[in-house]
Amino acid sequence: MRALLWCNGQQPSEAVVVSLLDGAVCFGVDGGADRAAEAGYEVEQVLGDLDSADSDRWHGRTHELADQSSSDLAKSLSLLIERGYTEIDVVGSNGGSTSHFLGSWAALCEAPPGAAIRLHHEDSITHRVHPKEGGLEFAVSAGGEFSVFALTPCRSVHLHGARWELDGAPMSLSTVGLHNVGSGESLRIRADGVLVVIIPRD
């Protein structure tokens, strides 16, 4: 099952959204539900602490996540994985304060394994790589640029199909994985910590 999570940050263009709706159930992260509805999209349910969504509009279609120890996005990701969604695409996570931007990446660390999670930006897609889900494989053209960042400390990162490969190297949050280049083979990556791979849109 695939879900689309609509957040309350910078709103995505139609070009980003249109390819994500086919076969997906759309959920709003608090005020993101209002933004999705205003853009003309059907929202199944509003998730979060509900402090910024229009309560009159969403009567009977809310699921309150009141725990204040984590963000609405982190709580929503965990809930959808618990419900059995195996793919979760997130839009509207860009923009706003720097803390919200970094919080989106932190939510990828807090969310449990069990789903492929992708943050969609206008120019690129951020893919989460979780150690308990094995490795991921991506199609990156020869000379195509991508970046890898470790969100948690990794003792062993394996990256193949790139100009600069890694074979069991340690990695922490740093610029070491910034602006790598595909070799033309499938890009394969796995690690014992949480990574993100950022691939430009075609």
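Scope of this entry: the structure provided in the associated data block. Every chain's residues receive numbers from 1 upward, in the order its sequence appears when written. Where local features are concerned, this predicted model is filtered to residues with pLDDT of at least 70; where side-chain atom pairs are given and counted, the filter is 80 or more; whole-chain, interface and lining totals use all residues. Where side-chain values are given, they derive from all heavy atoms of the structure, hydrogens and water being excluded.

## Topic: the nonpolar core
Working step 1: Here, nonpolar core means buried Ala, Val, Leu, Ile, Met, Phe, Trp, Tyr and Cys residues that are tied together by side-chain atoms lying within 4.5 Å of each other. Each residue gets one of three labels from its accessible area relative to the maximum for its type: buried under 20%, exposed over 50%, partly exposed in between, using a 1.4 Å probe on protein chains only. In terms of nonpolar packing, the biggest core is built from 28 residues, with Leu 5, Leu 77, Leu 80, Ile 88 and Val 90 touching the most fellow members.
Working step 2: Within the residue set of this core, elements represented by two or more residues are strand S1 (2–6), strand S2 (24–29), helix H3 (72–82), strand S5 (87–91), helix H4 (98–110), strand S6 (116–120) and strand S14 (195–200).
Working step 3: Residues contacting Leu 80, with those up to four places away along its chain left out, are Ala 3, Leu 5, Phe 27, Leu 47, Tyr 85 and Ile 88.
Working step 4: Among the nonpolar cores identified, the runner-up in size contains 17 residues, and Val 140, Met 171, Leu 195 and Val 197 belong to it. Where helices and strands are cited, they refer to DSSP runs of H or I of at least four residues and of E of at least two residues respectively, numbered from the N terminus. Throughout, a residue-residue contact means that at least one pair of heavy atoms, one from each residue, lies within 4.5 Å.

## Concerning the packing of H3 against H4
Working step 1: Lines fitted to the C-alpha atoms define the axes, with helices restricted to the stretch that makes contact. Angles between their N-to-C directions range from 0 to 180 degrees. Interhelical geometry of H3 versus H4 gives an angle of 35 degrees and a closest axis separation of 8 Å. The two elements H3 and H4 meet at a crossing, and its hand is right-handed. Contacts from Leu 73, Ala 74, Leu 77 and Ser 78 of H3 reach H4 at Ser 104, Ala 107 and Glu 110.
Working step 2: Polarity classes work like this: nonpolar for Ala, Val, Leu, Ile, Met, Phe, Trp, Tyr, Cys and Pro, charged for Asp, Glu, Lys and Arg, and polar for all others, with Gly in that last group. Grouping the constituent residues of the contact of H3 with H4 by class yields 4 nonpolar, 2 polar and 1 charged. By definition, any crossing whose near helix is turned counterclockwise from its far helix by less than a right angle is left-handed, and any crossing with a clockwise turn is right-handed.

## Thoughts on the side chain of His 120
Working step 1: With respect to the element layout, His 120 can be found in strand S6.
Working step 2: Judged by its relative accessible area of 7%, His 120 is buried.
Working step 3: Beyond its immediate sequence surroundings of up to four residues, His 120 is in contact with Val 16, Leu 20, Asp 89, Val 90, Val 91, Asn 94, Ile 125 and Arg 201.

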